[in-house]
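Letter by letter, the chains look like this.
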Amino acid sequence: MRILLVLYLQFILIASASSQSIKTAHYWQQLKTDEYKGKQDDIFFINEHQGWYCNGSGKIYRTQNGGSDWKLCFEKKGTFFRCIGFVDSLLGFAGNIGTDYFPNVTDTVPLYKTTDGGNSWLPVVYKGPIVKGLCAIDIYKEPVINSGKLEYKAHIFCGGRVGSPAFIMISHDGGNTFTAEDMGKYCKYILDIKFFNLKEGVICAASEEELDKSNALILTTADGGKTWIKSYESKRPYEITWKASFPSRKTGYVTIQSYDTSKTASQRFVAKTIDGGKTWKELPLIKDMNVREFGIGFSDEKHGWVGAVPNGFETADGGNTWSPSYMGAATNKIRIVNKTNGEKLIIGIGLTINKNKNVINSGYDALAAMRYAYAGGKWYKNFTFSQETHFYKDGKEEKMEVWHEAICSPGQLTIKFDKKDSKNGVMFKNNMVYAFNENENLVSHPFIHDLLLAAFDVYFLKPHETAHLLDSLGFNLKLVHEDVFNGRKVLVIGAHKSDTTSNQLWIDAERFYLHRIISTQRKALSDVTMADYEKIGEYWVAKKVIFKKNGLTEVEEKYFDIKFPKELNKDIFDPEKFNETKLD
């Protein structure tokens, strides 16, 4: 009888309107793009819809819908497109890193220009010394009055390159003519350039060509680039500055790259100014020699992100404190664009392209938020624990058993009753269920475990894979609304506000973990609650799970001996070897 009851509980209990737009915590969503091996360097948007990105394979892509879809618009083999910028929907510029740095780069042209939105590109003719290559493009639009109308005159500022030599290229006539200048007397690398007006600008640089002698360097100008002064220089070797972000004229941030491999030099820093670049203060980011910083972007003076390997970082207090943020590895450039509704488009490019979001419009959006909020190893793949399993009848506890469980996401759960080497138990694997009683396999049939899917697998499956499985279980992913559950703001997927009987998931709107599943199972209303969430180490864990049927508690699980193994024996998820294995 017990095995039938357990199967019932485990297999069943565990088991056209518009939605509202709901504000949530910020999360990064990976966009669909062509695969590229390595770090991609720059992305640019002229508005919330139209943008371009480039990479080292000589390719330039364009989007018309905010990054949801990208199309290849240009390719030039032998060119390493390092930076890109557009004045409007037609006029744009793309910089090439040049030869003698990366392999297979044969193109010596430093700058290209398009007048048709990126479909065709021609080399830019310029005056001055030969420029080896470029790493950054900045476009300043000067407001001017023309016949009583406000218009803008474009000024293009380019700088490069990593590995030296250092040059700038400037145009004051919308890109019709350019003048180059050798910057070798001021610095040896130029990694980023930013002008606030025709006079004032900032350059991210390196002090020496030899990396072991280089200090991170920031230069400023007050005369349009005729002369430059040193406003910041680090005191540590093996350092260069990389990218800058100025959310306001006075407040700015710069990433500092360190290539020092000694354990005593593991502290990573970000430089910050509050006086427009005149002076800078070093802010500690993290003490970890494996971290290397790349791009940086701030949506306002307090809230910003740093792209890095192995993962990025986020601050909400102006860089005083930082927390991990998975925006995709090696995010090299973060662009922030004002949208027409007053919000901001925040998008970053590195190994992948990722968009920062904080609005949920559908159940699918919520699943994507769960997936990407914990991408990059921030949710536990392997999970073992024991549990007190309390059985209730008519509101009174009948008995308690101890079970032992192991989860390997996605799609694998093994439960052994009473003992860790028990031959009695249940196994879920790849949407199949198996039940065991001593040496006899009692049950084996297809089964989608909705709790396993929504509480664990969602962090490892692609959003459309999770959506497909939930749709097959009768969850309406077109519907989502906001509610409060046990004092926390939640996203309810699959039902309207007044509906408490349709199949629905309750997701934490800040932490993006599962609180509750309501579903109809064999004409009975199942209500499963994940409770007593606690952060154990780096991971959130619900230490109690309550199963109700038609409003009455039937089972309550209380977890203990919780572990997150790096590896699990594959045999414990093999139905043929269930009787031979023991859970650790």
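Residues numbered from 1 in each chain as written. Predicted model: local features only at pLDDT ≥ 70, side-chain atom pairs only at ≥ 80, totals over all residues. Heavy atoms only, no water.

Participant: What is the right way to look at a negative patch on the surface in this model?
Facilitator: The grouping of Glu208, Glu209, Glu210 and Asp212 at the surface amounts to a negative patch. Within the secondary structure, Glu208 sits in the loop between β16 (201–206) and β17 (216–221). (Patch = residues over 30% accessible without salt bridge, like charges linked within 9 Å, V, L, I, M, F, W, Y side chains within 5 Å. Areas by Shrake-Rupley, 256 points an atom, 1.4 Å probe, with all protein chains shown as cover. Salt bridge = Lys/Arg side-chain N within 4 Å of Asp/Glu carboxyl O. Lys, Arg positive; Asp, Glu negative; His and termini not counted. Charge placed at Lys NZ, Arg CZ, Asp CG, Glu CD. Helix = DSSP H or I, 4+ residues; strand = E, 2+ residues; numbered from the N terminus.)

Participant: Would you mind going over helix α4 (residues 463–472) with me for this structure?
Facilitator: Side chains three or four residues apart in an α-helix point the same way, a direct result of the helix having 3.6 residues per turn. By the burial criterion, the buried members of α4 are Pro463, Thr466, Ala467, Leu469 and Leu470. All buried residues of α4 lie within an arc of 165 degrees about the axis, which places them on one face of the element. Across α4 from its buried face, at more than 90 degrees, point the exposed residues His468 and Asp471. Against the buried residues of α4 lie α2 (363–373), α3 (450–455) and β38 (504–508). Just beyond α4, the residue with positive phi is Gly474, at close to 95 degrees. (Buried < 20%, exposed > 50% of the residue type's maximum accessible area, 1.4 Å probe, protein only. Arc of directions from axis to C-beta. Contact = heavy atoms within 4.5 Å.)

Participant: Can you walk me through the packing of α2 against α4 in this structure?
Facilitator: Think of two packed helices as two axes; the pair is described by the angle between the axes and how far apart they sit. Direction vectors running N to C along α2 and α4 enclose 130 degrees, while the axes themselves pass 9 Å from each other. It follows from the interaxial angle that α2 and α4 lie oblique. Here α2 and α4 pass one another in a crossing that is right-handed. Within the contact between the two elements, α2 uses Tyr364, Leu367, Ala368, Arg371 and Tyr372 and α4 uses Pro463, His464, Thr466, Ala467 and Leu470. In terms of residue class, the contact of α2 with α4 is built from seven nonpolar, two polar and one charged. (Axes fitted to C-alpha atoms, helices over the stretch in contact; angles between N-to-C directions. Parallel < 35°, antiparallel > 145°, perpendicular 65-115°, else oblique. Left-handed = near helix turned anticlockwise from the far one by under 90°. Nonpolar A, V, L, I, M, F, W, Y, C, P; charged D, E, K, R; others polar.)

Participant: How should I be thinking about the pattern of salt bridges in this particular structure?
Facilitator: For side chains bearing opposite charge, pairing can occur when the charged atoms are close. The tally for this structure, following the rule as stated, stands at 25 salt bridges. A salt bridge links Lys132 to Asp100, with the nearest nitrogen and oxygen atoms 2.6 Å apart. With a gap of 32 residues between them, Lys132 in the loop between β10 (126–127) and β11 (136–146) and Asp100 in the loop between β7 (92–96) and β8 (111–114) connect regions that are remote in the sequence. Lys132 sits in the partly exposed class, given a relative accessible area of 26%. One salt bridge connects Glu482 with Lys489, and the closest N-O pair in it is separated by 3.2 Å. The class of Glu482 is partly exposed, set by a relative accessible area of 26%. Through salt bridges that share partners, Lys39, Asp41 and Arg82 make up one connected network.

Participant: Would you mind showing me how to read the sheet that holds strand β29 (residues 353–360) here?
Facilitator: Sheet strands associate in pairs through backbone hydrogen bonding, adopting either a parallel or an antiparallel arrangement. Strand order in the open sheet made by the four strands is β1-β29-β28-β27, with antiparallel pairing throughout. Either end of the sheet is taken by a strand with one partner, and the two such strands are β1 (22–30) and β27 (333–338). This sheet shows a mean twist of 20 degrees between the axes of neighbouring strands, independent of strand direction. Alignment of β1 against β29, held across six bridges, turns out to be antiparallel. (Pairing = 2+ DSSP bridges.)

Participant: Explain the side chain of Glu142 to me, please; I cannot follow it from the model alone.
Facilitator: If you trace the backbone, Glu142 turns up in strand β11. Only 2.8 Å separates the side chain of Glu142 from the side chain of His155, close enough to count as a polar contact. Not counting residues up to four positions away in its chain, the partners in contact with Glu142 are Glu151, Tyr152, Lys153, His155 and Leu198. (Polar contact = N/O pair within 3.5 Å; in protein donor to acceptor, adjacent residues only side chain to side chain.)

Participant: Which parts of the structure should I look at to understand the state of the cysteines?
Facilitator: Note on terminology: disulfide describes a covalent bond linking the sulfur atoms of two cysteines. Inspection of every chain in the model, using the stated rule, returns zero disulfides. Free cysteine Cys73: the closest other cysteine sulfur is in Cys54, separated by 10 Å. Just so you know, Cys204 is unpaired, no disulfide at all, and the nearest cysteine sulfur is the one on Cys187, 10 Å from it. We classify Cys204 as buried; its relative accessible area is 1%. (Disulfide = S-S within 2.5 Å.)

Participant: For this particular structure, what's the right way to read the nonpolar core?
Facilitator: Generally speaking, soluble globular proteins have nonpolar side chains that are buried together. In terms of nonpolar packing, the biggest core is built from 59 residues, with Phe383, Leu451, Leu491, Leu505 and Leu514 touching the most fellow members. A per-element tally of this core places strand β41 (residues 539–549) first, with six residues. In this structure, Leu505 is in contact with Ala454, Leu470, Phe475, Leu491, Val492, Ile493, Leu514, Arg516 and Ile517, ignoring residues within four places of it in sequence. (Core = buried A, V, L, I, M, F, W, Y, C linked by side-chain atoms within 4.5 Å.)

Participant: Looking at this structure, how should I read α2?
Facilitator: With respect to burial, α2 is a largely interior element, 10 of its 11 residues being buried. Among the residues of α2, those classed as buried are Gly363, Asp365, Ala366, Leu367, Ala368, Ala369, Met370, Arg371, Tyr372 and Ala373.

Function cannot be read off these values alone, since they describe shape.
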